[in-house]
Amino acid sequence: ECVKYLFDQGCHLVILACNTASAQALRKIQQEDLPYIDAHRRVLGVIRPTAEMIGNYTKSGSVGVLGTNGTIKSESYLIEIEKQFPKLQVYQQACPMWVPLIENGETKDGADYFVQKYLREIMNQCKNIDTLLLACTHYPLLVERIRAYSPDNVQILAQGEVVAESLKDYLYRHPEIKKKCTTSGTQSFLTTDSDAQAFENNAKTFFGQTVKAQTVHFLRTACNTNKEGGSRSTHNKNYPAEGTHHGRSEKPTIPNKKLKTIG
């Protein structure tokens, strides 16, 4: 629903800037939804561009991936890194307490126990790990604590610069997309959380400044079973049917404005 909403506002390129979303939803959106919504628009993730670069950072040939339960269980990094660097040894560690700590403002001493716990667990898998990937966009807020408790020879790799450089390269290779994207747009903050104030408080932690957010409400459609045993969505007659697909919602109730970010 979020991707469709951004498309409706005129966005031609959407980045799923979340590892868990990239792992669990990106392939379906690209392969099943885009052909119905608009085959000329693009939705990109953050896992593949990171996987394409991580082998350039390690000297020992052993890297660790720190992520959420969803990202780790998907094994997306194991699959994508294998494609790019088949000889690389990749070890994974779920860090389920890091996001709650960060979102509750515990990024200093209060986070130490769980930072040490997960670092100890991944380093126990392989003593030769020399690169740790922070495979969650929250984790850079803990980078000081992570560095403090990591071995001196281990480098910490966040995704921000890697993904930005990859996007720059993508637009260079796809001028047909680049020419549709503005370079001087405004920032808008949207959330699907009913409590916009809570989102604003968390966003301030990430951006280092106060932000103003709007809540986007999506009304889910009912799904009926078709003759083939699959499902089909029942759409409101006032919502355009062309290009519709499974799971589509009605139009969200929010004033039309130029958008850049959904959280």
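Draft legend 1. Highlighting the confidence of the model for the chain. Summarising the model, the chain shows a mean pLDDT of 82, and 83% of its residues fall at 70 or more. Every residue in residues 221-263 is under pLDDT 50, and counting partners more than four places away or in other chains gives 92 contacts.

Draft legend 2. Molecular detail of the environment of Asp-33. One can find Asp-33 in helix α2 (residues 19-37). Asp-33 gets classed as buried once you look at its relative accessible area, which sits at 11%. Along the chain, Asp-33 and Val-3 lie 30 residues apart, while their C-alpha atoms are 10.0 Å from each other.

Draft legend 3. Spatial organisation of the side chain of Thr-191. With respect to the helices, strands and loops of the structure, Thr-191 is situated in strand β7 (residues 189-191). The buried category is assigned to Thr-191, whose relative accessible area is 2%. A polar contact of 2.9 Å, which involves the side chain of Thr-191, links it to the backbone nitrogen of Asp-193.

Draft legend 4. Fine view of the nonpolar core. Counting 24 residues, the largest nonpolar core has Leu-66, Trp-98, Leu-132, Tyr-139 and Ile-146 as its most contacted members. For this core, the elements supplying multiple residues, two or more each, are α6 (98-103), α7 (112-125), β5 (131-134) and α8 (143-149). Not counting chain neighbours up to four residues away, the residues in contact with Tyr-139 comprise Leu-66, Gly-67, Thr-68, Cys-95, Trp-98, Val-99, Ile-102, Leu-134 and Ile-146. Val-63, Phe-85, Leu-88 and Val-162 belong to the second largest nonpolar core, which has 16 residues in total.

Draft legend 5. Region of interest: the layout of surface pockets. As a volume, the second largest pocket reaches approximately 670 Å³. Lining the second largest pocket are 24 residues; nearest its centre among them are Leu-26, Gln-30, Gly-45, Arg-48 and Pro-49. Within the residue set of the lining of the second largest pocket, elements represented by two or more residues are α2, α3 (47-54), α5 (76-84) and α9 (160-173). Here the lining of the second largest pocket gets six residues from one element, more than from any other, and that element is α2. Of the residues belonging to the lining of the second largest pocket, the class tally is 11 nonpolar, seven polar and six charged.

Calculation rules
- Residues numbered from 1 in each chain as written.
- Predicted model: local features only at pLDDT ≥ 70, side-chain atom pairs only at ≥ 80, totals over all residues.
- Heavy atoms only, no water.
- pLDDT = per-residue confidence, 0-100.
- Contact = heavy atoms within 4.5 Å.
- Helix = DSSP H or I, 4+ residues; strand = E, 2+ residues; numbered from the N terminus.
- Buried < 20%, exposed > 50% of the residue type's maximum accessible area, 1.4 Å probe, protein only.
- Polar contact = N/O pair within 3.5 Å; in protein donor to acceptor, adjacent residues only side chain to side chain.
- Core = buried A, V, L, I, M, F, W, Y, C linked by side-chain atoms within 4.5 Å.
- 1 Å grid on protein atoms, 1.4 Å probe; cavity = no way out; pocket = protein on both sides within 12 Å on 5 of 7 lines; lining within 4 Å.
- Points joined across faces, edges and corners; volume = space filled by probe spheres on them.
- Nonpolar A, V, L, I, M, F, W, Y, C, P; charged D, E, K, R; others polar.

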